[in-house]
Amino acid sequence: NSRDREQIVSLKKQIREKNEQLEGMQNQLFEDAEEHEADNEKLLNDLQVEKQRVEDLTQQMTTLSAMVDKLSLEKEQLSSSLSEKQAEMDSVNTVKKDADIRVDEVN
């Protein structure tokens, strides 16, 4: 009987110790879960910031692409205009040369 009581007391002590260990493990799990939740919130926030950055860059890229297209068109127009002016200048120079030759012939 005394031996049974000692075993019961010993078992109760072991149960208490195991319960304390389990409680400590449970508390650690809660702390870990809270840390992971905070990490996940930070990652989600970082992701949202990066998503906004990508959207901003995409908008800038679209704007720049439109500007490049506009500048290319202006370049083509200026090149065409330059060619026309160069042709006019060549024509004027030809007429001037002809006139200079005639003046020299007259003199």
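Our subject is the structure listed above.
Residues numbered from 1 in each chain as written. Predicted model: local features only at pLDDT ≥ 70, side-chain atom pairs only at ≥ 80, totals over all residues. Heavy atoms only, no water.

**Details of the overall build of the protein chain**
Broken down by element type, the protein chain carries one helix and zero strands. Its C-alpha atoms give the protein chain a radius of gyration of 45 Å, clearly above 13 Å, the size a compact globule of 107 residues would have. Buried residues in the protein chain amount to 0% of all 107 residues. Surface summary for the protein chain: the accessible area is close to 10,400 Å², and the carbon and sulfur share equals 55%. Considering the protein chain, the positive charge centre built from 15 side chains and the negative charge centre built from 26 side chains are found 7 Å apart. (Helix = DSSP H or I, 4+ residues; strand = E, 2+ residues; numbered from the N terminus. Rg over C-alpha atoms; globule rule 2.2 N^0.38 Å. Buried < 20%, exposed > 50% of the residue type's maximum accessible area, 1.4 Å probe, protein only. Areas by Shrake-Rupley, 256 points an atom, 1.4 Å probe, with all protein chains shown as cover. Lys, Arg positive; Asp, Glu negative; His and termini not counted. Charge placed at Lys NZ, Arg CZ, Asp CG, Glu CD.)

**Some remarks on a negative patch on the surface**
A cluster of acidic residues, Glu31, Glu34, Glu35, Glu37, Asp39 and Glu41, forms a negative patch on the protein surface. Among the structural elements, Glu35 can be located in helix α1 (residues 2–106). (Patch = residues over 30% accessible without salt bridge, like charges linked within 9 Å, V, L, I, M, F, W, Y side chains within 5 Å. Salt bridge = Lys/Arg side-chain N within 4 Å of Asp/Glu carboxyl O.)

**A word on the pattern of salt bridges**
All chains considered together, the criterion is met by three salt bridges. Two residues, Asp46 and Lys42, come together in a salt bridge whose shortest N-O distance is 2.9 Å. Residue Asp46 and its partner Lys42 are both found in helix α1; the two are separated by four residues, about one turn of the helix. The exposure class assigned to Lys42 is exposed, which follows from its relative accessible area of 52%. Asp100 serves as the salt-bridge partner of Lys96, at 3.6 Å between the closest nitrogen and oxygen. Placement of both Lys96 and Asp100 in helix α1 is noted, with a separation of four residues, approximately one turn of the helix. Relative accessible area serves as the criterion here: at 36%, Asp100 is assigned to the partly exposed category.

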